[in-house]
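Residue strings, one per chain:
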Amino acid sequence: MGDLDGKVAIVTGGASGIGLASATRMAAAGASVVVVDLDEERGNAAAEGLGGIFARADVSRPEEWESLVELVERTYGGLDVAHLNAGVTTGEGDVSRMTVEQYRRILGANVDGVVFGIRAVVPAMARRQGGAIVATASLAGLIAFAGDPVYTLTKHAVVGLVRSLPQQLSPLGIRVNAVCPGLVDTPLIDGLARDTLEGAGFPLIDPDEVAAAVLGCVLGDSTGQAVVVQVGLEPVAYRFGGAPGPRLPGSEGVLPPGIFAAHDQAPAGGGPG
Ligand SMILES: NC(=O)c1ccc[n+]([C@@H]2O[C@H](COP(=O)([O-])OP(=O)(O)OC[C@H]3O[C@@H](n4cnc5c(N)ncnc54)[C@H](O)[C@@H]3O)[C@@H](O)[C@H]2O)c1
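Quick caveat, the model's predicted, so the values are computed rather than measured. (Residues numbered from 1 in each chain as written. Predicted model: local features only at pLDDT ≥ 70, side-chain atom pairs only at ≥ 80, totals over all residues. Heavy atoms only, no water.)

## Things to note about empty space enclosed by the protein
Line of reasoning, step 1. On inspection of all chains with the given rule, the structure shows one cavity of 30 Å³ or more.
Line of reasoning, step 2. Space inside the largest cavity adds up to approximately 40 Å³.
Line of reasoning, step 3. Taken together, T12, V59, W65, L84, N85, A86, A109, G113 and V114 form the lining of the largest cavity.
Line of reasoning, step 4. Residue classes in the lining of the largest cavity are distributed as six nonpolar, three polar and no charged. (1 Å grid on protein atoms, 1.4 Å probe; cavity = no way out; pocket = protein on both sides within 12 Å on 5 of 7 lines; lining within 4 Å. Points joined across faces, edges and corners; volume = space filled by probe spheres on them. Nonpolar A, V, L, I, M, F, W, Y, C, P; charged D, E, K, R; others polar.)

Quick look at the structure:
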């Protein structure tokens, strides 16, 4: 018996790298897997190998999300897991040289793809009385990454979204987390000086290690967490701290109640609380 027997999972960017590793782990755990990608050839091959189906979709397009969820519910009767993972880099570290096309493309895949993905999968998961969403952010969602500042912007956006959703989604039985890997050995880093990194002996993470952390998020009971995945470390939920909490100066209470996430309400060091 697999942990995901009878469950239905969507993996975006499932034709390559982290998404392919995640789809493979989910299928091995018993899930029916829907591989979503722009790359039809690799997507079809991946889905065939996993006994699932391939759906070509551009995650940045909201209307494609609607048809995708319809297809999944029609084919498998429901949706339980969504790994929102498709993503790109800008390919341009110098913000003054970045083109509008590069900017729109990365915001589309990395931010719109997660926002519209969540918007589309939540009603389907609610119809199943619950589900699990995992977004692939990045360590660049937690720290400054000068190599691609706009990539860093997109991944911070994903972390902020994921941390802000549990209050809405927990009552529906839906958990939402992000994984934040360091540099992973996938085609994505070909645009990020792979040769220099390898030449310097920089350790790259195996995509399967990220997939294991994703499965951990799917099967665990945490929500609103940003889980760091790094070489030689067990996946660990990042502990935010230090920002002044959303409290009135001198007040013990949190105003207005229920608006701010519980994990940010505690008085914190580093400024007026
Ligand atoms: N490789 C790393 O070092 C690293 C580190 C941290 C986070 N990440 C993140 O992991 C995720 C997966 O990246 P990867 O490293 O496996 O790269 P990858 O290039 O191997 O895979 C990304 C996949 O996403 C697909 N894709 C891109 N834009 C899409 C769109 N608009 N709609 C549908 N599919 C689309 C691509 O066709 C590709 O198959 C990305 O979000 C990336 O930002 C990667």
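## A look at the nonpolar core
In a soluble, globular protein the nonpolar side chains are often hidden away together inside.
Line of reasoning, step 1. In this structure, I10, W65, L68, L79, V121 and I133 are the most contacted members of the largest nonpolar core, which totals 37 residues.
Line of reasoning, step 2. The greatest single-element share of this core, amounting to seven residues, is contributed by helix α4 (residues 100-127).
Line of reasoning, step 3. Setting aside residues up to four positions removed in sequence, L79 forms contacts with V8, A9, I10, V72, V121, A124, M125 and R128.
Line of reasoning, step 4. In this structure, I18, A23, V134 and C217 belong to the second largest nonpolar core, which totals 28 residues. (Core = buried A, V, L, I, M, F, W, Y, C linked by side-chain atoms within 4.5 Å. Buried < 20%, exposed > 50% of the residue type's maximum accessible area, 1.4 Å probe, protein only. Helix = DSSP H or I, 4+ residues; strand = E, 2+ residues; numbered from the N terminus. Contact = heavy atoms within 4.5 Å.)

## Remarks on the site of the ligand
Line of reasoning, step 1. Taken together, 27 residues sit near the ligand, with S16, D37, Y151, V184 and T186 positioned nearest.
Line of reasoning, step 2. For the ligand, an oxygen atom lies 2.6 Å from a polar atom in the side chain of Y151.
Line of reasoning, step 3. Contacts to the ligand include K155, whose side-chain N or O atom sits 2.9 Å from an oxygen atom.
Line of reasoning, step 4. The fraction of the free accessible surface of the ligand (820 Å²) that becomes covered by protein chains is 91%.
Line of reasoning, step 5. Applying the majority rule of atoms within 2 Å of the grid points places the ligand in the largest pocket.
Line of reasoning, step 6. Going through the elements one at a time, α1 (17-28) and α5 (149-164) are the ones with two or more residues in the shell around the ligand. (Near = heavy atom within 4 Å. Polar contact = N/O pair within 3.5 Å; in protein donor to acceptor, adjacent residues only side chain to side chain. Areas by Shrake-Rupley, 256 points an atom, 1.4 Å probe, with all protein chains shown as cover. Sits in = over half its atoms within 2 Å of the grid points.)

Without other data, these values stay purely geometric and don't point to any function.
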